[in-house]
Amino acid sequence: MRGPTGADTGAGTAGRGPAAAALLTGVLGLTLSGCAGFLVPAGEGEPEPTPSGSWAVHADKLPTPFPSVTLPERPPAAQGPAPTPTGTTSRADCPSSGVVVDMGEVEAALGHRAVGLTLTNCGGKPYRVHGYPSVRALDEAGDPLPVPVNPGSSYMGTDRGPKETVLKPGQTARSLLAWVSTPTGGDLIEGDALQIAPAPGLEARTFPLEGNDVRLLDELNMTAWRTDPA
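Values in this document were obtained by computation on a predicted structure and should not be read as measured data. Throughout this document, residue positions are counted from 1 along each chain, in the order its sequence is written. pLDDT decides what is reported in this predicted model: residues at 70 or higher carry local features, side-chain atom pairs at 80 or more are listed and counted, and totals for whole chains, interfaces and linings draw on all residues regardless. Calculation of side-chain values draws on the structure's entire complement of heavy atoms; hydrogens and water are dropped beforehand.

This paragraph deals with the state of the cysteines. Throughout, disulfides are identified as pairs of cysteine sulfur atoms within 2.5 Å of each other. Across all of its chains, the model carries one disulfide by this definition. A sulfur-sulfur distance of 2.0 Å marks the disulfide that ties cysteine 94 to cysteine 122. Handedness of the cysteine 94-cysteine 122 disulfide follows from its S-S torsion of about 80°: it is right-handed. Separated by 28 residues along the polypeptide, cysteine 94 in the loop between α1 (9-38) and β1 (99-103) and cysteine 122 in the loop between β3 (112-121) and β4 (127-129) bring together distant segments of the chain. For the pair shown, cysteine 94 and cysteine 122 are each scored as buried. Helix numbering and strand numbering both begin at the N terminus, where a helix is a DSSP run of H or I of at least 4 residues and a strand a DSSP run of E of at least 2. Residue burial is assigned from relative accessible area. The probe radius is 1.4 Å, only protein chains are included, and a residue is buried under 20% of its type maximum, exposed over 50%, and partly exposed in between.

The structure is reproduced here in structure tokens:
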């Protein structure tokens, strides 16, 4: 059979057969080889990445010594005051009698003088009180002066008389001691100190009289020991 140009179309087709087959084979090979690349597991056959030098840590480059954190010390536990053993005294100068006297500051009013006295049970047992303080005026050498001492009332306070009472440890009784420092009824004697005891025969304490306006004495008047207010 001949074509329009007079050539045999059957022979031309037969001549192109081997070339077409070879081309088809090459295309299929490329296609299969390309598809095979998608079937390789990820990372297989590829070199592992090399770590960057900026992220590498070397033991010989760690700071020496290694920084540490110091925690604050735990504060000591709060402790209350130690309990006082039963039967001991609350002050170091407590006499063997278990009671001690003290004298306050001298008060002045119109030539009259007065000072408060206290009797405190500083021992560990109850103490029975009944009566008046024991008071004496002393001179510069510590010798007694001839100054009268009277139980009773004065311009500065009223004496209600003795009343028996029991002081528990730490409790206090009070008395008022008064005198006149102006020559209203007699000669005045200058005293340097007062010697005071809870009662006659008990341990006494000596308290200096400071100031000329309180050292002049006519007579001493005192009230009885009492625990109730005047």
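You can see aspartate 93 is positioned in the loop between α1 and β1. Sequence spacing of aspartate 93 and cysteine 122 is 29 residues, and the spatial spacing of their C-alpha atoms is 8.8 Å.

It is worth spelling out the nonpolar core at this point. Residues belong to one nonpolar core when they are buried, are Ala, Val, Leu, Ile, Met, Phe, Trp, Tyr or Cys, and are joined through side-chain atoms within 4.5 Å. Counting residues in hydrophobic clusters, the biggest one holds 25 residues, and the most contacted among them are Leu119, Leu177, Trp179, Leu194, Ile196 and Leu220. For this core, the elements supplying multiple residues, two or more each, are β1, β3, β4, β5 (134-138), β8 (172-180), β10 (193-197) and β13 (220-222). Contact definition: two residues touch when any of their heavy atoms are within 4.5 Å. In this structure leucine 220 touches Val135, Val147, Pro148, Val149, Asn150, Leu177, Ala178, Trp179 and Leu194, once residues within four positions along its chain are discounted.

Take the environment of glycine 161 next. Tracing the sequence through the fold places glycine 161 in the loop between β6 (149-151) and β7 (165-167). Looking at glycine 161, the relative accessible area reads 14%, which means it is buried. When the C-alpha positions of glycine 161 and tryptophan 225 are compared, they lie 8.4 Å apart, and in sequence the two are 64 residues distant. For glycine 161, the residues in contact, after removing those within four places along its chain, are Tyr132, Ala224 and Arg226.

In this section: unusual backbone geometry. Positive phi, close to 55°, is recorded for leucine 110, a residue that is not glycine. With respect to the element layout, leucine 110 can be found in the loop between β2 (107-109) and β3.

Taken together, three strands build an open sheet; the order of strands is β5-β10-β11 and the sheet is antiparallel. This sheet does not close on itself; its edge strands, each paired only once, are β5 and β11 (205-208). For this sheet the average axis-to-axis angle between neighbouring strands, irrespective of direction, equals 25°. Whether two strands pair depends on DSSP finding at least two bridges between them. Sheet topology places β5 next to β10; five bridges connect them, and they run antiparallel. Considered in β10, the bridge of serine 134 is made with alanine 197. Geometry is summarised by axes, namely lines fitted to C-alpha atoms with helices restricted to the contacting stretch, and by angles between N-to-C directions that run from 0 to 180 degrees.

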